[in-house]
Amino acid sequence: MTVAIHVENLTKRFNDLVAVDGISFDIEHGEIFGLLGPNGAGKTTTLSMLSTILKPTSGSAAINGIDIEHDEDGVRKSIGIVFQDQSLDEELTAWENMDFHGRLYRLAAEVRKQRTSELLQLVELEERKNDIVKTFSGGMRRRLEIARGLLHHPSVLFLDEPTLGLDPQTRNHLWQYIATLAREKGITIILTTHNMEEADRLCNRVAIIDHGRIIALDTPTNLKDGIGGDVVSIRTPNPEAIVASLNEPWVLRKEQHNGEVTISLQNAEHRISTIVTALNQRQIPIESISIHKPTLEDVFLSFTGKTIREQEADHKMNMRTYQRMMRH
Amino acid sequence: MDIIYTIWLRNMKRYIRSKSRIIGSISMPLFFLVFLGFGLNSVVQLPGLGGNYIVFLIPGMVAMSVLFTSVFSGIQIIWDKQFGFLKETLVAPVSRLEIMLGQTLGGATIAVLQGFMILVLSVFIGLHLSSLTGFLIALGFMILIGISFTAFGIAIASRMEDMTGFQLIMNFVIFPIFGLSGALFPISSLPAWIAPITLLDPLTYGVEGIRYGLTGFSQINPLISFTVIGGFTLVMTVLGAFLFRKIKF
């Protein structure tokens, strides 16, 4: 295996805000690599630096051995990008959008034609190729953008929140496309998401990113196993009492947030009655109790003490305070 | 060259598809021609053109059509910014200069086409094209107005985040440029204190140039007109390219 993307101590500062804080990782050829984290964690900033849209404040990165600062055009030729926000020309047809892209990347006319029809078939838009993009649904537009991003045969594809704002069915469909692409075309894919399921389903490895730092990096399975077996969530008016009372050696980890206690343990099915009995004896009320296999959400929670959604709410509040400060 | 052509081609495709825009931007100068032209023809006395106000007005309306269409085409980059399409272009391995030049030539082509339509319609209300040379001279000036003001629009669009400032630019920059250019009246008929301002207006030289080409009559020597509007085109293209290079996305 060879390295497709090499990132070392990459940092981006906007005035006194550190958006990306010295991250390092390597992505291997053919891998689907996910950057998972709440909005504002620095995922898009990282992608922007890797795709030469933003200049890093410090640190370095290379795509296929091409340095992102020294050879911008070299990097741009070898990557395809699907931006978070739509970037199609809505007044043009699907075919014309593809053709425009092919010309921008200086593909010869026959190559353009052949690849366009091939890719439109792949994303099942061949029949709509002469329709104006304005008439396309969100899912169709996304598929067209992915096809367009592949037109110049990039070895690395960047997907920034590829399924944001799509309905669950379309999302599932798109996940299948992306997985097929990586498998059949051997393309390296780096995607950002704040959707746990997306990271879990698609990615070979996931970097969990928060406040501009990578706080965990591994395969989804290893990340979840790291939590230790199963997760029991107990909702209660008195979470402190539960945390204080459950001290058995098989309790691997206890976490408390928002009136809910999550406990990591092995063989939860067998232990659950012991837990309930113990809490009853101490007269601690239980509103609800559930067992589930750990998800990446639990991983994020165990590393940050917050769920992704809470972290996003916090971040928004910080941004608002920051903006208010700037205004005064 | 191929990239410039690509951007130009996209502009043309969008133009041909926007029927409402084509008709919309022809109608304004056409109404001006008909209402002002016929309305004032008998009242206005002009030196040099046998008192024919319509014939005086036609070159002005051709210039107006080119001016408004080209500024609008340049400013359209803001839409590309807002709809995200500009990103697709800016992240490709091509130079910003090529993108800007393609956009400028696209906008200028559309503007000249719009002006040309007014020119053709004018033949039905009194314009007599006497020579091919005259027509080519007028066309040359139309092209220069088209290029310079598309570049001007791009320069403005490069510094604007959204369309909120558009109305302001139209009212306080483009309309005065049009009003002071001598498109509607001879610059010599203005009070002495305004006359120097009209000579600072680059469009004055464009209008005078077109008027010379179409009617053989002008108040400014066509060579001077050509030099000034040519110089203005160069300056605007450089400025537009410079500001476009600094767009962040």
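Residues numbered from 1 in each chain as written. Chains lettered and ligands numbered in written order. Predicted model: local features only at pLDDT ≥ 70, side-chain atom pairs only at ≥ 80, totals over all residues. Heavy atoms only, no water.

Chemist: Looking at this structure, I do not really get the overall build of chain B. What am I missing?
Modeler: For chain B, the helix and strand inventory stands at 11 helices and 0 strands. Each helix (α) and strand (β) of chain B, taken in turn from the N terminus, gives the series α-α-α-α-α-α-α-α-α-α-α. For a compact globule of 249 residues, the expected C-alpha radius of gyration is about 18 Å, and chain B comes in at 18 Å, within 12% of that figure. By principal-axis analysis of the C-alpha atoms, chain B measures approximately 60 × 40 × 35 Å. Counting the 249 residues in chain B, one finds 55% classified as buried. About 10,700 Å² of surface is accessible on chain B, with carbon and sulfur atoms providing 73% of the total. (Helix = DSSP H or I, 4+ residues; strand = E, 2+ residues; numbered from the N terminus. Rg over C-alpha atoms; globule rule 2.2 N^0.38 Å. Buried < 20%, exposed > 50% of the residue type's maximum accessible area, 1.4 Å probe, protein only. Areas by Shrake-Rupley, 256 points an atom, 1.4 Å probe, with all protein chains shown as cover.)

Chemist: Any chance you could explain the interface of chain B and chain A here in plain terms?
Modeler: Interface size, as often reported, equals the accessible area lost upon joining of the parts. At the junction of the two partners, chain B supplies 23 residues and chain A supplies 25 residues. Both sides of the chain B and chain A interface together cover about 2,300 Å² of buried area, and 59% of this is carbon and sulfur. On the chain B side of the interface with chain A, the three residues burying the most area are Glu88, Val91 and Pro93 of chain B, jointly 28% of the side's total. Connecting chain B to chain A are 7 salt bridges. (Contact = heavy atoms within 4.5 Å. Buried area = accessible area lost by both parts, 1.4 Å probe. Salt bridge = Lys/Arg side-chain N within 4 Å of Asp/Glu carboxyl O.)

Chemist: So what exactly am I meant to see when it comes to the domain arrangement of chain A here?
Modeler: In terms of domain boundaries, chain A breaks down into domain 1 (3-223) and domain 2 (229-293). Placing the centre of domain 1 of chain A and that of domain 2 of chain A at their C-alpha centroids yields a distance of 41 Å. (Domains from an automatic or database assignment.)

Chemist: Help me understand the sheet that holds strand E3 (residues 32-36) of chain A, please; the structure alone is not making it clear to me.
Modeler: Where strands meet in a sheet, backbone hydrogen bonds hold them as pairs that are either parallel or antiparallel. All names here are of chain A. The 6 strands lie next to each other as E6-E7-E8-E3-E9-E10, forming an open sheet whose pairing is mixed. At either margin of the open sheet sits one strand with a lone partner, and together these are strand E6 (79-82) and strand E10 (213-218). Taken pair by pair, the neighbouring strands of this sheet meet at an average axis angle of 15°, ignoring direction. Direction of pairing for E3 relative to strand E9 (residues 205-210): parallel, over a ladder of 4 bridges. Across the sheet, Gly34 pairs through a bridge with Val206, a residue of E9. Running at roughly 135° to E3, helix H6 (residues 168-185) makes contact with E3, strand E7 (156-160) and strand E8 (188-193) of the sheet. Contacts between helix H11 (residues 296-304) and the sheet are confined to E3, E9 and E10, with E9 contributing the most and set at about 40° to the helix. (Pairing = 2+ DSSP bridges. Axes fitted to C-alpha atoms, helices over the stretch in contact; angles between N-to-C directions.)

Chemist: What is the right way to look at the side chain of Gln103 of chain B in this model?
Modeler: With respect to the helices and strands, the residue Gln103 of chain B is situated in helix H6 (residues 96-122). Excluding its chain neighbours within four sequence positions, the residues that come into contact with Gln103 of chain B are Ile7, Asn11, Ser73, Ile77, Thr150 and Ile154 of chain B.

Chemist: How should I be thinking about the packing of aromatic side chains in this particular structure?
Modeler: One pair of aromatic rings is described through two measures. These are the centre distance and the angle between the planes. All names here are of chain B. Counted according to the given criterion, the structure contains 15 aromatic pairs over all chains. An angle of 90° between the planes, with centres 6.3 Å apart, marks the rings of Phe141 and Phe226 as edge-to-face. Highlighted residues: Phe141 in helix H7 (residues 132-159) and Phe226 in helix H11 (residues 222-245), separated in sequence by 85 residues. According to the relative accessible area criterion, Phe141 is buried, its value standing at 5%. Counting every residue linked through ring pairs, the aromatic cluster contains Phe32, Phe68, Phe175 and Phe178. Here Arg211 stacks its cationic end above the ring of Phe56, 3.6 Å away from the centre of that ring. (Phe/Tyr/Trp six-rings, centres within 6.5 Å; stacked < 30°, edge-to-face > 60°. Lys NZ or Arg CZ within 6 Å of the ring centre and 35° of its normal.)

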